[in-house]
Amino acid sequence: MFVFGLLSTFLPIVIIIFVIVYALKNKEMGGELVIRHLYTYLVLFATLMMVIGGGISIFMAAADLVSPPGYYQNFEDFKQVYHDGKVPTEESKNLSDEEVRERYDQMVKDEKNRARENAKNQIIKSLGFIVIPLPIFLYFNNMRKRQSDI
């Protein structure tokens, strides 16, 4: 989180410095052409960051899909909840340890399945951060190449 705070603080400063240096270096090109080049580079930068972020997010979701995070409540805590009557049903107080163990095992399986489903959902969402900005990046990259040929 600290890195994102630094990035959000210093990124606009870096962009402003880049714009000033680029404008001073290329002032003989004319103002409109400099602005067009800057706009192209800023769009390229933004779309590239989106594609990289989407790729990182897909990698993280794939890791959760392959190895979902563990369930953190152990059986003893789960059993304590059932035997102390904190579960709202009356029949839960009369369950044997084997029945409580079966319910615990089922809950662990359900939690892993839920984590896998969330990971699949995250992969699909993250693909949007690649599929949508990538054509825009490619278009503006071709535009940049045509601008440099002029």
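Preceding this paragraph is the structure being described.
Throughout what follows, the structure given in this document is the object of discussion. (Residues numbered from 1 in each chain as written. Predicted model: local features only at pLDDT ≥ 70, side-chain atom pairs only at ≥ 80, totals over all residues. Heavy atoms only, no water.)

The final tally for this structure, using the stated rule, is 3 salt bridges. Asp105 is the partner of Arg101 in a salt bridge, and the nearest nitrogen-oxygen pair spans 3.9 Å. On the criterion of helical spacing, the pair formed by Arg101 and Asp105 is a turn pair, its members being 4 residues apart in helix α4 (residues 97-131). Judged by its relative accessible area of 36%, Arg101 is partly exposed. Accessibility expressed as a relative area gives 34% for Asp105, which makes it partly exposed. The salt bridge involving Arg114 is made with Glu111; its shortest N-O contact spans 2.4 Å. In this pair, Arg114 and Glu111 are both assigned in helix α4, 3 residues apart and thus about one turn of the helix distant. What makes Arg114 partly exposed here is its relative accessible area of 43%. Looking at Glu111, the relative accessible area reads 23%, which means it is partly exposed. (Salt bridge = Lys/Arg side-chain N within 4 Å of Asp/Glu carboxyl O. Helix = DSSP H or I, 4+ residues; strand = E, 2+ residues; numbered from the N terminus. Buried < 20%, exposed > 50% of the residue type's maximum accessible area, 1.4 Å probe, protein only.)

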